[in-house]
Amino acid sequence: MAKVKLKVDFETITPLWTGDAWMKNSEIRPSSLIGSLRFWFEVICYFGGICKKEEFDTGKGRFEKDIKNDEIRKKLLDFGTDFNGQVKALRELNIPIPAIVFGTTGWKSLIEIKNIQPLEDYCFGNKLNLPDKFCINKNSNQIQEGKDYPRSSNNNYSVFYFKIPYFWGKFEVVLEVEENIKDSIFLPLLTFMDKYGYWGGGWNIGYGRLKVLNVEILKKNNDKKEFQKEENWKKEEFDFSCVGLNKKLDIHSFVEMKSGENDLKNKTKKQILISKDNTSCENYLNNIKSLILKKANLRKTENDQKERHYLFGKTGNIQGEDLPQGSKILPYINRLDDGSYECGLLSIAGILSLYD
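About the cut-offs
- Residues numbered from 1 in each chain as written.
- Predicted model: local features only at pLDDT ≥ 70, side-chain atom pairs only at ≥ 80, totals over all residues.
- Heavy atoms only, no water.
- Helix = DSSP H or I, 4+ residues; strand = E, 2+ residues; numbered from the N terminus.
- Rg over C-alpha atoms; globule rule 2.2 N^0.38 Å.
- Buried < 20%, exposed > 50% of the residue type's maximum accessible area, 1.4 Å probe, protein only.
- Contact = heavy atoms within 4.5 Å.
- Areas by Shrake-Rupley, 256 points an atom, 1.4 Å probe, with all protein chains shown as cover.
- Phe/Tyr/Trp six-rings, centres within 6.5 Å; stacked < 30°, edge-to-face > 60°.
- Lys NZ or Arg CZ within 6 Å of the ring centre and 35° of its normal.
- Pairing = 2+ DSSP bridges.
- Axes fitted to C-alpha atoms, helices over the stretch in contact; angles between N-to-C directions.
- Polar contact = N/O pair within 3.5 Å; in protein donor to acceptor, adjacent residues only side chain to side chain.
- Salt bridge = Lys/Arg side-chain N within 4 Å of Asp/Glu carboxyl O.

> Describe in detail the overall build of the protein, supporting the description with residues and values.
The number of helices and strands found in the protein is seven helices and 16 strands. The globule rule puts the C-alpha radius of gyration for 356 residues at 21 Å, and the 21 Å found for the protein is close to it. Taken along its principal axes, the extent of the C-alpha atoms in the protein is 65 × 50 × 40 Å. A buried classification covers 52% of the 356 residues belonging to the protein. Across the protein, the fraction of contacts at a sequence separation of at least 24, relative to all contacts at a separation of at least 6, is 67%. Working note: accessible area of the protein is about 17100 Å², and carbon and sulfur atoms make up 42% of it.

Here is the structure:
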């Protein structure tokens, strides 16, 4: 199988946090970026009808199928060594498409990160001078800051912590991508991430929104290999025929704009739902406070505790509940090509139907 090397330049729209198990964030971790790519690709595949609920492993929280190494090796040998033969073998074993693209037992990912390099005036710290935390007073519905407020949420306060230090600035990522999926899957996925996706961690406070600045591809030029600009990298349609499925999917076809926040709680719609705010600015802190307040008010409208935890996440273990962690309604901050900003709340509540 042939792979192409791509270099992608990113810039932070909101802070990027890719901390390790010890909550340290002194580098941009490749595993965190690849994990984000896989998560959003699975959302796309589920909402777009590429994956079925039966293919989802609730224990692992992803579209996966356990196969013995000997079994997969035998099938791969049976179907030949070229890319199409390998894909046919994996499909014969009913491997879900996200696992074909991002790897599974005995099968290597078709997308790999080879190097990450910060660029120009970057920072691992607190470039935006964010406070350690802020609290929402549930009685006055006001945001308050300071050390005198509680360490965790209680009956009177909802407490939100910023992950500090975070990365702020520009960086480049060098990837190796299977040539057969470059234009049909990888670049549409990158285009989707540029518009809607989140990278790293801290999505509940709006972290992880990145802008793609430039894409280059390594090509041979006069017997010398060098990166050349990929002018038309923005691809807005997936073509899954490269992985054995005769289907195309526009990246916007499963995204719906809503006029109000209440619709964002809908778990029955297999769509990304976005409710945009009419007021926005380039100041992350002001935006995130406004959006968190909207989210807190929306949370109040859900009286059922279990449903509330499903939609908005939970901390700690609650007896009798086995729920996917993390909020499914996220603060959405996006920088447009003209430099202006759009903000709102983004919902992926539809993935909760996988756990019904």
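> How would you summarise the packing of aromatic side chains if you had to cite specific residues and measurements?
For any pair of aromatic rings, geometry is given as the distance between the ring centres together with the angle between the planes. Going through the model one piece at a time under the given rule, you end up with 27 aromatic pairs. Between Lys-163 and the ring centre of Trp-17, over which it is positioned, the NZ or CZ distance is 4.4 Å.

> Describe helix α3 (residues 83–92), and please don't skip the residues or the numbers.
Every buried residue of α3 is accounted for by Phe-83, Gly-85, Gln-86, Val-87, Ala-89 and Leu-90. In the stretch just after α3, Asn-94 is the one whose phi turns positive, near 60 degrees.

> I'd like a description of the sheet that holds strand β16 (residues 341–347), backed by residues and values.
If you walk across this open sheet you meet the four strands as β13-β14-β16-β15, and the pairing is mixed. The open sheet is flanked by β13 (255–258) and β15 (329–335), the only strands paired with a single partner. Ignoring which end each strand starts from, the neighbouring axes of this sheet average 35 degrees apart. Sheet topology note: the β13/strand β14 (residues 272–277) ladder contains four bridges and is parallel. The residue of β14 that forms the bridge with Lys-258 is Ser-275.

> An account of the pairing of β16 is requested, with residue identities and associated values reported.
Buried residues dominate β16, accounting for seven of its seven residues. Bridge count for β14 against β16 is five bridges, and the pairing is antiparallel. When the sheet's bridge partners are listed, Lys-276 is paired in β16 with Gly-344. Where β15 folds back onto β16 in an antiparallel hairpin, the turn is made up of five residues, including Gly-339, whose phi is positive at roughly 95 degrees.

> Can you lay out helix α7 (residues 305–312) for me, pointing to particular residues and giving the numbers?
For α7, every residue scored as buried is listed here: Arg-308, His-309, Tyr-310, Leu-311 and Phe-312. The secondary structure elements touched by the buried residues of α7 are α6 (284–300) and β15. Two to three positions downstream of the cap, the backbone nitrogen of Lys-306 sits 3.1 Å from a side-chain oxygen, assigning the N-cap of α7 to Asp-304. Looking one or two residues beyond α7, the residue adopting positive phi is Gly-313, at roughly 85 degrees.

> Give me the pattern of salt bridges: which residues, what numbers.
Applying the stated criterion across every chain yields a total of 28 salt bridges. A salt bridge links Glu-256 to Lys-269; the shortest N-O distance between them is 2.9 Å. One end of the pair, Glu-256, is in strand β13; the other, Lys-269, is in the loop between β13 and β14, with 13 residues separating them in the sequence. Of the residues examined, Lys-269 reaches a relative accessible area of 29% and is grouped as partly exposed. One salt-bridge network, in which partners are shared between bridges, spans Arg-38, Glu-42, Arg-62 and Glu-64.

> So what's going on with the pairing of strand β7 (residues 157–161)? Which residues, and what values?
Extensive coverage of β7 is indicated by the burial of four of its five residues. In this sheet, β7 lies alongside strand β5 (residues 133–137) in antiparallel orientation, the contact comprising five bridges. Bridged to Cys-135 within β7 is Val-159.

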